[in-house]
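Structural overview
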Amino acid sequence: MEKLLKTELKTTVLKAFGSSGGGCISQGQSYETDHGRVFVKINSKPQARTMFEGEMASLRAIQETNTVRVPQPIKVMDLPGGGAAFAMEYLRMKRLCKYSAKLGEQVADLHLYNQKLGGKLKKEENTVGKGAGHTESHYVDKFGFHTVTCCGYICQTNEWQSDWPTFFIRHRLQAQMDLIERDYGDREARELWSQLKRKIPEMFRDVEIIPALIHGDLWAGNVAEDDSGPILFDPACFYGHSEFELAIAMMFGGFCCSFFSAYHSKIPKAPGFDKRNKLYQLFNYINHWNHFGTGYRGSTLNVMRKLLK
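The shown structure was predicted, so the numbers you read here are calculated from the model rather than taken from an experiment.

Thresholds applied
Residues numbered from 1 in each chain as written. Predicted model: local features only at pLDDT ≥ 70, side-chain atom pairs only at ≥ 80, totals over all residues. Heavy atoms only, no water. Salt bridge = Lys/Arg side-chain N within 4 Å of Asp/Glu carboxyl O. Helix = DSSP H or I, 4+ residues; strand = E, 2+ residues; numbered from the N terminus. Buried < 20%, exposed > 50% of the residue type's maximum accessible area, 1.4 Å probe, protein only. Expected span 1.5 Å × (residues − 1). Arc of directions from axis to C-beta. Contact = heavy atoms within 4.5 Å. Phe/Tyr/Trp six-rings, centres within 6.5 Å; stacked < 30°, edge-to-face > 60°. Lys NZ or Arg CZ within 6 Å of the ring centre and 35° of its normal.

Taken as a whole and judged by the stated rule, the model has 18 salt bridges. Of the charged contacts in the structure, one is a salt bridge between Glu8 and Lys75, with a shortest N-O distance of 2.7 Å. With Glu8 in helix 1 (residues 2–8) and Lys75 in strand 4 (residues 73–78), this residue pair connects regions lying 67 residues apart in the sequence. With relative accessibility at 27%, the residue Glu8 sits in the partly exposed group. Salt bridges here are not isolated pairs; linked through shared partners, they connect Asp186, Glu188, Arg297 and Arg305.

If you want it as structure tokens, here you go:
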């Protein structure tokens, strides 16, 4: 491992510091190198390279918006015994506290970034001569992402779709329910899902949804701060409905009221927000069922029943 990292990172110095750690999915270690401090994530699963490449693409996409700070991605490397490693900038992070409201503002700015690009593009199209056609970033008019990303260790297809309900049903809910069917063959879940699937498009009637670049896994374990401000990490980006982002943030705690107040001061709740929030929470409950087992079955089925009322 040491030899691989020295070669790939082009460093003669490679000195581990701090304790090794990680989350439910990957392990991590910080190192001193010739080029400064780096943090390396390691995962032995067969899909590790896909997982890390999706994360690297996500970090770059967020960086390009210049709205919220993320670690600078460096390189994804194959491990000799299988799996992969992902090196990125080391940031001295601590629990989000002081900058909670600031993060709410910045996440809203992230979600509004593509919409503002679209407004700028329209303005340029109506401008003759100087300035026309010179928007640096490209407005995205579909839902999806240019590569596969992983929420946890489950790979997500992000094939572009022209409307949000189609993308969300096909590539998020149905994809997760297919795994439940494969692994559990749960009859009640299957029957509730067949009823709910038909009703989902109604929840988006009369709601204008402009594709927003979202982090994709915004729970408290993926946010932090340092002395200069808030930080996001471990993204699973795609262009989707901005409301999707808030569901997991509201489920497991860790975000205080100031985060949501600051966010909604920039993006107010649209009519029907609360019911759609339950729908987006459903995705997260199913995803947790697929990751951690039947302890999340009851919550999944309860949300389905509430949505069917």
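There is more to say after this.
For Lys10, which is not a glycine, the phi torsion comes out positive at approximately 50 degrees. Position of Lys10 among the secondary structure elements: in the loop between helix 1 and strand 1 (14–22). Positive phi outside glycine occurs at Asp234, with the angle close to 50 degrees. The partly exposed category is assigned to Asp234, whose relative accessible area is 25%.

Right, let's talk about helix 9 (residues 297–308) for a bit. For the α-helix, the turn length of 3.6 residues means that residues three or four positions removed from each other point alike. Over its twelve residues, helix 9 runs 17 Å from end to end, which matches the ideal 16 Å to within 8%, given 1.5 Å per residue. Of the residues making up helix 9, those classed as buried are Thr300, Leu301, Val303, Met304, Leu307 and Leu308. For helix 9, the angular spread of buried residues about the axis comes to 160 degrees, placing them on one side. Taken together, the buried residues of helix 9 touch helix 4 (164–184), helix 5 (187–199) and helix 8 (273–292).

This part is about the packing of aromatic side chains. Summed over the entire model, instances satisfying the criterion amount to 21 aromatic pairs. Measuring from centroid to centroid gives 5.1 Å for Phe168 and Tyr280, while their planes differ by 85 degrees, and the two rings are edge-to-face. Of this pair, Phe168 sits in helix 4 while Tyr280 sits in helix 8, and the two are 112 residues apart along the sequence. Where Phe292 meets Tyr296, the ring centres are 6.4 Å apart and the plane angle is 50 degrees; that geometry is what we call tilted. Ring pairs connect the aromatic residues Phe143, Trp164, Phe167, Phe168, Phe204, Phe238, Phe244, Tyr280 and Phe283, which therefore count as one cluster. A cation sits over an aromatic face here: Arg37 above Phe17, 4.2 Å from the ring centre.

Remember that the coordinates give geometry; whether it matters functionally is a separate question.
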